[in-house]
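A closer look at the structure
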Amino acid sequence: MKKFIYLLIVTLALNTCMVYKTACAEESPLNVSAPSCILVDYSTGTVLYEKNPDERRPLASVTKIMTMLLAMEEISDGNMDYDDIVTGSAHAKGYGGSTIFLDEGEQLSVRDILKGIAVASGNDAAAAIAEHICGTEDAFVQRMNKRAAELGMTNTNFVNSNGLDVEGHYSSARDIAIMSRELMKHEDIFQFTGIWMDSLRNGQFTLSNTNKLIRFYDGATGLKTGSTSKAGFCISATAKRGNMHLIAVIMGAETSKSRNADASSMLNYGFANYEITELVSKEKKAGNITVEKGRARSAELYPAEDYYYLKCKNANTDSSIELNQPKKIKAPVKKNQSFGSLNVNIDGKNVKNIKLICREDITKLNFKDFFITLIGDWLS
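In this text the structure is predicted, and so the values were computed from the model without any measurement. (Residues numbered from 1 in each chain as written. Predicted model: local features only at pLDDT ≥ 70, side-chain atom pairs only at ≥ 80, totals over all residues. Heavy atoms only, no water.)

Here we take up unusual backbone geometry. A cis geometry characterises the amide bond from G222 onward to L223, with omega recorded as 15 degrees. The backbone phi angle of R201 is positive, close to 55 degrees, even though this residue is not glycine. Looking at the secondary structure, you find R201 in the loop between β7 (197-200) and β8 (205-208). A positive phi angle, near 60 degrees, is found at K293, a position not held by glycine. (Helix = DSSP H or I, 4+ residues; strand = E, 2+ residues; numbered from the N terminus.)

As structure tokens, this is what we get:
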């Protein structure tokens, strides 16, 4: 394998939550009144600010982020469709608090149920989608906890699908950020969480988003609010400006006003002090490679994943990207087969190696193909 310099050197700044957070914090100090919070960059997962992020606390309707995540995964996996019909049950109807007044036997589409969860924070809607997916809410809650464990949410335990106060139902700011980030991978969710006002039942039931930042904060995209007597006022607030998408989690605020102020302050801090650059895009060709004895004589290589580079605005660091690939390969080639890598270096240190893949199958030449190719080469 021979190394070739592929991309030009760019002057950027490497930020990690441990090394560079203090430098940015000195420029724009934060004063968050809530007892627990965290600010995370979506693209890289880097923590930009935190306060008691691993403290276990009730999370109220922020629970519904996990409920929506499981629903979106069902849709993504092809097990459920937005137009599928959800039938209300006596169990779902029995929930109080925020509801969409779903009657037993009433039928609404998955799309409308998700709208009822994301916008109106319907406890009955959350229970209904849980039963639709798993048969019972208890079975769905088991799946919620299993998914939380898979995501590494070590300070979380779910007891219901909607977040109403019950013993043993808790999470942490860090864990909420983790599941928020996972939900955000399903970009369709923003067509629900970004709604300010809408309606159900042919306009008969008006929906108004419980997340007031959707209307009043520039770039707000979601994600979910929550409040109960035990949890206080909570939110996972997401906002996007340019190519930076941030997640601000607040737990245990005293009022909705202070919750929104804290979230806005954290988001402002993130946008003011950090910026992000996409150094590697999986949609941009990285190079070509010669294919011996293949129906195609060369193959285009693409990065297997994107790579985003988060920097503190007042820092300067050199970065470079190197292309590592063999001179030639032999057919057959399978789709998504890996050949070499892009190596991302920061200040002379390798921080990321990204596989290069061929996006198509390339079959081996048979004798007839080989003969025709040989004649063609000779004639040319």
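For a regular strand, the rule is simple: side chains alternate between the two faces of the sheet. For strand β10 (residues 232-241), a buried count of seven out of ten residues is recorded, marking the element as mostly surrounded by other parts of the structure. As consecutive antiparallel partners, strand β9 (residues 220-228) and β10 are separated by three residues. Here eight bridges tie β10 to strand β11 (residues 244-253), and the two strands are oriented antiparallel to one another. By the bridge assignment for β11, T238 is matched with I247. In sequence, β10 turns back onto β11 through a hairpin of two residues, with G242 there showing a positive phi of about 65 degrees. (Buried < 20%, exposed > 50% of the residue type's maximum accessible area, 1.4 Å probe, protein only. Pairing = 2+ DSSP bridges.)

For the rest of this paragraph, the subject is the pattern of salt bridges. All told, the structure shown has 19 salt bridges when counted by the stated rule. Ionic pairing is found between D112 and K115, a salt bridge with its closest N-O pair at 3.8 Å. Pair noted here: D112 and K115 are both in helix α4 (residues 110-118), with a separation of three residues, about one helical turn. Each member of the pair D112 and K115 is classed as buried. Salt bridges linked by common partners bring E73, R147, E150, E182 and K185 together as one network. (Salt bridge = Lys/Arg side-chain N within 4 Å of Asp/Glu carboxyl O.)

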